[in-house]
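One letter stands for each residue in the lines below.
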Amino acid sequence: MLVLQAIIDGILVGGFYALMAGGLTLVFGVMEIVNFAQGIMVVLGAYLSYALFSHLSIDPFLSLVITMPGMFLIGVAVYWSMIKPIKQDRVIMSLLVMFAVGTIAEGILDLVFTSNLVQISTPYVNNSFTIGSLIFPDIYVYAFLMSVVLLAGVYYLLYRTRFGRSLRASMQNPTAARLVGINTDWVSAYTLGIGVAMAAAGGMVFGLTNSFDAASSYDLISRLLAIVIFGGFGSLSGALIASVLMLVIQDVVAVVWSPTWGQTTFYVILILILLVRPQGLLGRKAVRAQ
Amino acid sequence: MLALAAAACGSSPSSSGTSHGPITIGVSVSLSGDFSGDGLATKQGYETWAAYQNAHGGILGRKIQIDFLSDGSSPTQVVTNYQKLITVNHVNFVMGPYSTLLTKPSSVIANRYGYVMIEGIGGGPSVFQQGLHNVFDVSASAKYQLITFAKWLVATHKPEDVAYASMTDPFLQPMLDGARAYLSAHGFTSVVYKLYPLETTDYTPIASAIAASKAPVVVLGTMPPDGYAFIQDFIQDKYNPKVLIEASGPDQGTAFVKAVGANNTGGIMVPNTWYPGSTFYQNSAMVALYLKMFGGTANDISADVAEAFSAGQVLTQAVDHLKSTSNSALEHYLHSNVTFQTVQGPVKFLPDGENEAATPFVFQWQKGTLVDVLPAGAGHPVPILAVKPVWGAGG
Amino acid sequence: MTAIDVTPKGAAAPEHIPYEPPRQIRWTSTGLLLAFLAVFPLLFPNPAVTSIAVITMIFLVAAIGWNIFSGYSGYISIGHAAYYGIGQYTVALLALHAKVPAGWDTFGLLPVAGLVSAVAAVPIGFVVLRVRRHTFIILTVAVMFILQLLAFNLVSWTNGSGGLEMSFPTWQGSYFNEPFYYVGLVAAIVACAASWWVRRSKYGLGLLSIRDDEDRARGLGINATRTKLIAYAISAFFVGVAGGLYAPFIGSVYPQFGFDPTFDLAIAVLVFVGGIGTLSGPVIGALLLIPLQQYFYLQFGNANLYLIAYGVLFILILRLLPAGIAPSVTQLWRRALIARRRAAARSPAVPALAGQSPAGQSPAGQSPAAQSPAGGLPGAPPATAAVPHAGGDEVAR
């Protein structure tokens, strides 16, 4: 029963990790850019919801109506000011630039919110319901449902809209996309915006379920990168499966063995998978040579 | 590199060493990185002490000036920082940074230059095992932090099942192990013993394992984030242990109440070396001054503040007695079995630098406030709630 | 620093512009730098300064080592802290169990730390080198975290989160840092020599061809796996040595500071700033950035401002010198040289100037310039056009 509970916990928590990692993998898929600042973007999203909740008493789930468009604009602005000017070695240079952007953002967040740990504490954060002897914390269930809705929305955007077609075209062949008149710059800017907006939503849940400060971003980004690699760079569904797997593996190992080995086990499985499938679970096969 | 080196040398203040200028004190604090929250509280504690003492004649009639350097929670930086404080700023004294991890390398540096290091927040065993004679910890060291609690449990309860979990940390783990060793020697059964790394973000499986054991006693070696998370998980799991003690988290005042909900705090215990309402030496003055300087409420004040303040108090009393700023005289004097008074109670140093007079207290949330309950008697009027109320039953 | 000259030798290129400053300048500047580093602690004996100098040397050794693999092969590793940690634990465990006395004897353990790291790098490299690009980057990070978790969990070896302690030498504070500094300097020189050898050797050419196009390199008959693995092990050796020097300097080893993710980023950042894949890049990067970083920390008591300033500075460097400092400086030098020759070619009154300029000492550069037609209006513009702009990079991508 304990193991079953651990699996359920892992699936519920994995849902919103998928949201954060989805933003990362989407941006990579379109632009081949590893957004190293995604961790701090999640924390920024958490702080925004926190501020709106504690000063204006806006419910964190409702606050997404404000924070997601706001963070979308931040993403677009970061693209035009930071990524666009890069002329050569885009893959590595953009990673370094985003690292620097993350460092600056961390400094600013530290300055504004201080380094005291905070948590968004709504009245319903401690509620839960039970089915049989299994426990479902309300907050994780809400977060999971919200993640599913948002991920489905992004999926719809990608596969059912004109923008999605341009975006996927840019993903598969940027040069050809440009030839047929797609403005790949705007597609990239919007994509980074969407990726960062997903971080805003993930961050809100992170802030509801964890105490955090600006330094929390380091743990986050290393987990998110591991998820994205596991699922395959550029694959949304891969990110979802990998998030859930990561959390389930950690939680089950923590219960049947020891929490200290949970993460180690996940990393070992990650390495084993990559030995068999270097492109990750659902990554595109054609990983270009160098 | 040349220009930087020159600049580093040039920043040496000329006022150092003179007997009329301020007494300078060097401290490295962690304002970013893993310890940033506690680092800030530590800094505020030192600042409160300096402000208080300066309003009361300073030390030896001289003003206190603290030179703070930031170390980003990194031992590399802390080593550079203390060398700069000592050899460039020529501070008169140094005091400790936050955490055992940083206190250890810092105390080695201080020792190398013949400086005493009085510290309040580095009580892990490794600090005292170095064989240094210049380290003095004004707080209770790790392995004794839970001993008062363990003795109370043995005296008042029949042997029962106990669930333990702790972060792998050089301070918390020795603390938990100390309690576990004592309780096991007195017939209490350890039914769950889980260690988890600092990076853990999802505590649910550990909490579920504890809840599933139905152990009536839970002892947790936590930092604030996991301290909050465990309680939330227990509430969600509808698991009500009779006795719940956490190393850290319940001592965080309003932040704790906000995180777990005001109706759920009742009966939760935390070992501590200090609390806002204590009647120990200068405590009310410290609390008043802190609130004036940094705002908030008394319950917001972290124990780190008091620990840093205590280190300052010991320095004040020793230097005022010696009428000298000599570090070697200070070291000798601190080793001479003198008892000092601090906001955390009396301080008397063992040869290895631990505080043998420290009485680790146990505090408990009752009716929305954190009150001192143990050791019973000895000026602690509030009786302990031997059985924790169920979740939601109020503060 | 092989002068691989790919300037087209067609009619459009009447001048021969070498890709890097002439040998004399390079040797003189190297000699001056070495002399300066050798006397540095005598000039600035203050322990706060020499402490920064020791840290700089440790990062210098690690950066040169990192560059031998990541710079020359193009495989960016963000997990070399694995070997930094292995080096630290090797020295601490040996000192503890073999009862090596603190002081000079500890430095004897440095080659051992390097060797253990290099040996550990072989199986690890065998696994991680099977993937490329981003996957490789993240995999190296994963390996580093696994080792960190092992250091936390294998308590009987590592004492877990309690860390290992090293007894410290009884040297006085006034000269405590100097032995560490000079040992670090010697290690850095050895690392530089190794880097130079790799760059020059036939083996190194194979490595560089993997960076340019791995599949084609394989096609040309290069055993890519073995070539990469050797570089990976050499690089791990020097990072292990750096760790072996760090442990006794700080006096303790902890899992999170041995296997430190920020160390990985720091190394990558400073090599990129200096110029990745070049011999001088890591040296310039480490000598500039580490003191600057430590100085920032000391100056800004406020860590937030430090983070902001560091991030802004980093972006500026990336924006202004995208290839890194070393290649950019070389490129500036080339541009100045070209401009001067063009000026000399335009004004018939001072043709001798070109010969007197320091660059003119290069025999290759001298004669074509003198032969160019005086007042040669037609000759000048094509000369610039023939110089590829990105070609200033000594890497010859």
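Please read these numbers as outputs of a predicted model, since none were measured by experiment.

A. How the structure looks around the domain arrangement of chain C. Residues and elements named next belong to chain C. What the domain assignment reports for chain C is domain 1 (1-43 + 321-397) and domain 2 (52-267). Contacts between the two partners involve 4 residues from domain 1 and, on the opposite side, 6 residues from domain 2. For the side of domain 1 that touches domain 2, the class distribution of residues is 3 nonpolar, 1 polar and no charged.

B. Layout of the packing of helix 3 (residues 75-87) of chain B against helix 4 (residues 100-112) of chain B. Residues and elements named next belong to chain B. The geometry of helix 3 relative to helix 4 is characterised by a closest axis approach of 9 Å and an angle of 30 degrees between their N-to-C directions. In terms of orientation, helix 3 and helix 4 fall into the roughly parallel class. In the crossing of helix 3 with helix 4, the sense of the turn from one axis to the other is right-handed. On helix 4, the residues touching P75, V78, V79, Y82 and Q83 of helix 3 are L101, L102, P105, S106, I109 and A110. Here the contact of helix 3 with helix 4 is built from residues that sort into 9 nonpolar, 2 polar and no charged.

C. Inspection of the sheet that holds strand 5 (residues 135-137) of chain B at higher detail. All names here are of chain B. With parallel pairing, the 5 strands of this open sheet are ordered in space as 2-1-3-4-5. The sheet terminates laterally at strand 2 (64-70) and strand 5, the two strands that pair on one side only. Taken over all neighbouring pairs, the strand axes of this sheet differ in orientation by 25 degrees on average, direction set aside.

D. Main features of the environment of B:S324. All names here are of chain B. Here S324 is to be found in the loop between helix 12 (303-322) and helix 13 (327-334). Residue S324 is classed as partly exposed on the basis of its C-beta count, with 13 C-beta atoms lying within 10 Å. Along the primary structure S324 and L60 are separated by 264 residues, whereas in three dimensions their C-alpha atoms are 8.1 Å apart.

E. Quick look at the interface of chain B and chain C. If you look at the interface, chain B gives 33 residues, while chain C gives 35 residues. Ranked by residue count, the leading element in the side of chain B that touches chain C is helix 3 of chain B, at 8 residues. When its residues are assigned to classes, the side of chain B that touches chain C shows 17 nonpolar, 12 polar and 4 charged.

F. Structural detail: the packing of helix 12 of chain B against helix 13 of chain B. Residues and elements named next belong to chain B. Between helix 12 and helix 13, the shortest axis-to-axis distance is 10 Å and the interhelical angle comes to 110 degrees. One finds that helix 12 runs roughly perpendicular with respect to helix 13. The two elements helix 12 and helix 13 meet at a crossing, and its hand is right-handed. Counted together, A318, V319, H321 and L322 of helix 12 and A329, L330, Y333 and L334 of helix 13 form the full contact between these two elements. Among the residues forming the contact of helix 12 with helix 13, the class breakdown is 7 nonpolar, 1 polar and no charged.

G. Seen up close, the environment of C:T262. Among the secondary structure elements, C:T262 is positioned in helix 13 (residues 261-274). Look at C:T262 and you get partly exposed, because 15 C-beta atoms sit within 10 Å.

H. Structural context of the interface of chain A and chain C. With 37 residues of chain A at the interface, the matching set in chain C holds 37 residues. Breaking the side of chain A that touches chain C down by element, the ones donating at least two residues are helix 4 (90-113), helix 9 (216-231) and helix 11 (259-276) of chain A. For the side of chain A that touches chain C, the leading source of residues is helix 4 of chain A, giving 13 residues.

I. Broad picture of helix 9 of chain A. Residue and element names in this part refer to chain A. With 16 residues, helix 9 should cover 22 Å at 1.5 Å per step; its first-to-last C-alpha distance of 23 Å lies within 8% of that length. Within helix 9, 14 of the 16 residues are buried, leaving the element largely enclosed by the surrounding structure. G232 sits one or two residues past helix 9 and shows a positive phi near 105 degrees.

J. Looking closely at the pairing of strand 6 (residues 161-167) of chain B. Residues and elements named next belong to chain B. Within strand 6, 6 of the 7 residues are buried, which leaves the element mostly enclosed by the surrounding structure. Of the strand pairs in this sheet, strand 6 and strand 7 (residues 189-196) are connected by 7 bridges, and their pairing is parallel. Residue pairing for strand 7: V162 is matched across the bridge by S190. Relative to strand 8 (residues 217-221), strand 6 is paired through 5 bridges, and the arrangement is parallel. Looking across to strand 8, one finds that V162 is bridged to V217.

Conventions and cut-offs
- Residues numbered from 1 in each chain as written.
- Chains lettered and ligands numbered in written order.
- Predicted model: local features only at pLDDT ≥ 70, side-chain atom pairs only at ≥ 80, totals over all residues.
- Domains from an automatic or database assignment.
- Contact = placed C-beta atoms within 7 Å.
- Nonpolar A, V, L, I, M, F, W, Y, C, P; charged D, E, K, R; others polar.
- Axes fitted to C-alpha atoms, helices over the stretch in contact; angles between N-to-C directions.
- Helix = DSSP H or I, 4+ residues; strand = E, 2+ residues; numbered from the N terminus.
- Parallel < 35°, antiparallel > 145°, perpendicular 65-115°, else oblique.
- Left-handed = near helix turned anticlockwise from the far one by under 90°.
- Pairing = 2+ DSSP bridges.
- Buried ≥ 20, exposed ≤ 12 C-beta atoms within 10 Å, placed from the backbone.
- Expected span 1.5 Å × (residues − 1).

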